[in-house]
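Chain residues, written in single-letter form:
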Amino acid sequence: MEDRTYANTLHADAMNRRIVLDTNCLVSSLPRQGKYYQVWQDFFNEKYILCYTNDILTEYEEILTQKMGPMIAQNIIKAILKWML
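Remember, it's a predicted structure, so these values are computed and weren't measured experimentally.

Draft legend 1. Seen up close, helix H4 (residues 54–68). Between the first and last C-alpha of H4 there are 20 Å, a value that for 15 residues agrees with the 21 Å anticipated at 1.5 Å per step. Inspection of H4 places Leu-57, Tyr-60 and Leu-64 among the buried residues, and these make up the whole buried set. Each buried residue of H4 lies within a common arc of 55° when the element is viewed along its axis, so the set occupies one face. Exposed positions of H4 whose direction lies more than 90 degrees from the buried face are Asn-54, Asp-55 and Gln-66. Residues of H4 that are buried in the fold lie against helix H2 (23–29), strand E2 (49–50) and helix H5 (70–84).

The structure is reproduced here in structure tokens:
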């Protein structure tokens, strides 16, 4: 019983973690073999809540388009928005 309570507490604590991810950090977190891929995975594993504004999303899309192309950029933005709903 204690383990389950502890696990629930950890999950609740994780969901209270809110971060704003710098665009360079986002770009660095995307390659699967990259050093920071865990940051991207942690977002989908609900270890934190990604906070953003329309301006931040626009910057994400602009930089991702430059570095990875428009289709990948759009897919990443869609993934972020879908996961946050």
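Draft legend 2. Spatial organisation of helix H3 (residues 37–44). Within H3 the residues assigned to the buried category are Tyr-37, Trp-40, Asp-42 and Phe-43. Packed against the buried residues of H3 are H2, E2 and H5. Glu-46 lies just past H3 and shows a positive phi near 60°.

Draft legend 3. Molecular detail of the side chain of Asp-42. With respect to the helices and strands, the residue Asp-42 is situated in helix H3. Aside from chain neighbours lying at most four places away, what touches Asp-42 is Lys-47 and Tyr-48.

Draft legend 4. Fine view of the packing of H3 against H5. It is at 10 Å that the axes of H3 and H5 come closest, and there the two elements cross at 35°. Where H3 abuts H5, its residues Trp-40, Phe-43 and Phe-44 lie against Ile-76, Ala-79, Ile-80, Trp-83 and Met-84. Looking at side-chain class alone, the contact of H3 with H5 contains eight nonpolar, no polar and no charged residues.

Conventions we followed
Residues numbered from 1 in each chain as written. Predicted model: local features only at pLDDT ≥ 70, side-chain atom pairs only at ≥ 80, totals over all residues. Heavy atoms only, no water. Helix = DSSP H or I, 4+ residues; strand = E, 2+ residues; numbered from the N terminus. Expected span 1.5 Å × (residues − 1). Buried < 20%, exposed > 50% of the residue type's maximum accessible area, 1.4 Å probe, protein only. Arc of directions from axis to C-beta. Contact = heavy atoms within 4.5 Å. Axes fitted to C-alpha atoms, helices over the stretch in contact; angles between N-to-C directions. Nonpolar A, V, L, I, M, F, W, Y, C, P; charged D, E, K, R; others polar.

Everything listed is a geometric property; what it means functionally is a separate question.
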